[in-house]
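Structural overview
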Amino acid sequence: MHKIANKIIFFESLNSTNDYLISLYKELNLRNNFIVIADRQHKGRGRRKKKWFSNEDSLTFSFSIELKLNMNSWHLSMTVSLALVRLLSDYNIQAVIKYPNDIFFKKNKIAGILTEVISVQNRKYCIVGIGLNVNNKSFPVSLSNVTSIKKILSVSINKDSLFSGFFKHVDLIMNHNNLINDYVTYLYGFKKLIPCLYRGSFLRIKILSVDNNGFLQILTENSSIKTVRYENIHFLIN
Ligand code: BTN
C-alpha cells in the first residue's frame, strides 16, 4: 500500500478521476486520502480549462492529500512532476519539466498534471490528477506535439507497473528535503536561454530559481531579473 493514500478505487470508465474525487469529498465529507484510477475517462480535464485526451492505452488517475503547513499545492505539483520524470527515466526516457508541470520528451508532451485545492469542513485537500500517455499508438489529429511511451520505445508497457512505480517515487521524494533543487534540475530552461511569452510578449530568458510558492526568478536577455508567476509566462518548447 502506498504511504500517501490508504484507499484505491478503480473504475473501468469514469468522466474524470479529479471530478469523482472532488465529489467524494464534497458530498460525503470524507477525511481519508484516496487514489482513484480509471481505465477510460470520458470528460478528462486539463489545465487552463482544456480537455484532456485519453483512452484505455493511457494511465489516468488522481490522488488526494490534506494540505498542512509544510506542504502546499506547489510542493505537491513539484513532487509529482519529479516523480513522473524519474519514473520515465526508469524506462530510459529522459524527459523534462516544462514549468509549471508539463512533462515533455523532446518537443512532445507525454504527461500532464492538474492540481486543484478544495476546502471541506475547515480542512484543505489538494486533488492531483495525472494523465500519462502509455501505450497510445496515435492521437486525435487536433493534438500536435504529443507522444507516448509506446511511440518512443516501440514496446507496450504494463500500466500497473507504472502506477506503482510512480507512487514509489512519490514516497522517496517526500522523504527527502531537496525538492526545489531536484525539481529545477529537470526544468526546461534552467540556466539555459529559451523562448517564452511573458505577459503576451516574446522574450528569451533563463530560469534562475523557483521559490516555495511557485514563483520563478528569470533573467532576460537584456540582463533584467524578474519574478513571475505561471499565469504570466508560457514557455515555447516547439
Ligand atoms: C494538463 O496538462 O493540462 C493536465 C492534464 C491532467 C489530466 C488528468 S487525467 C486524470 C485526471 N482527471 C482529469 O480529468 N484530469 C486529470
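Up top is the structure.
None of these values were measured; they are calculated from a predicted model.

Here we take up the site of the ligand. Near the ligand there are 20 residues, and of these Ser16, Gln41, Arg45, Arg47 and Lys109 occur at the shortest range. Interatomic distance of 3.1 Å between a side-chain N/O atom of Thr17 and a nitrogen atom of the ligand. Contacts to the ligand include Arg47, whose backbone N or O atom sits 2.7 Å from an oxygen atom. Against a free-state accessible area of 410 Å², the protein chains account for coverage of 98% of the ligand. When residues of the shell around the ligand are traced back to their parent elements, those giving at least two are helix H1 (17–28), strand E3 (58–66), strand E6 (108–120) and strand E7 (123–133). Looking at the shell around the ligand, the element that brings in the most residues is E6, giving four residues. Looking at the shell around the ligand, its residues break down into five nonpolar, eleven polar and four charged.

With six of eight residues buried, strand E2 (residues 34–41) lies mostly within the body of the structure. Examined bridge by bridge, strand E1 (residues 7–14) and E2 share seven bridges and lie parallel to one another. By the bridge assignment, Lys7 is partnered in E2 with Phe34. Running through H1, the crossover from E1 to the neighbouring parallel element E2 is right-handed. Bridge count for E2 against E3 is four bridges, and the pairing is antiparallel.

Parameters and conventions
Residues numbered from 1 in each chain as written. Predicted model: local features only at pLDDT ≥ 70, side-chain atom pairs only at ≥ 80, totals over all residues. Heavy atoms only, no water. Near = heavy atom within 4 Å. Polar contact = N/O pair within 3.5 Å; in protein donor to acceptor, adjacent residues only side chain to side chain. Areas by Shrake-Rupley, 256 points an atom, 1.4 Å probe, with all protein chains shown as cover. Helix = DSSP H or I, 4+ residues; strand = E, 2+ residues; numbered from the N terminus. Nonpolar A, V, L, I, M, F, W, Y, C, P; charged D, E, K, R; others polar. Buried < 20%, exposed > 50% of the residue type's maximum accessible area, 1.4 Å probe, protein only. Pairing = 2+ DSSP bridges. Right-handed = clockwise from strand over helix to strand, strands pointing away.

Nothing here speaks to function; it is geometry throughout.
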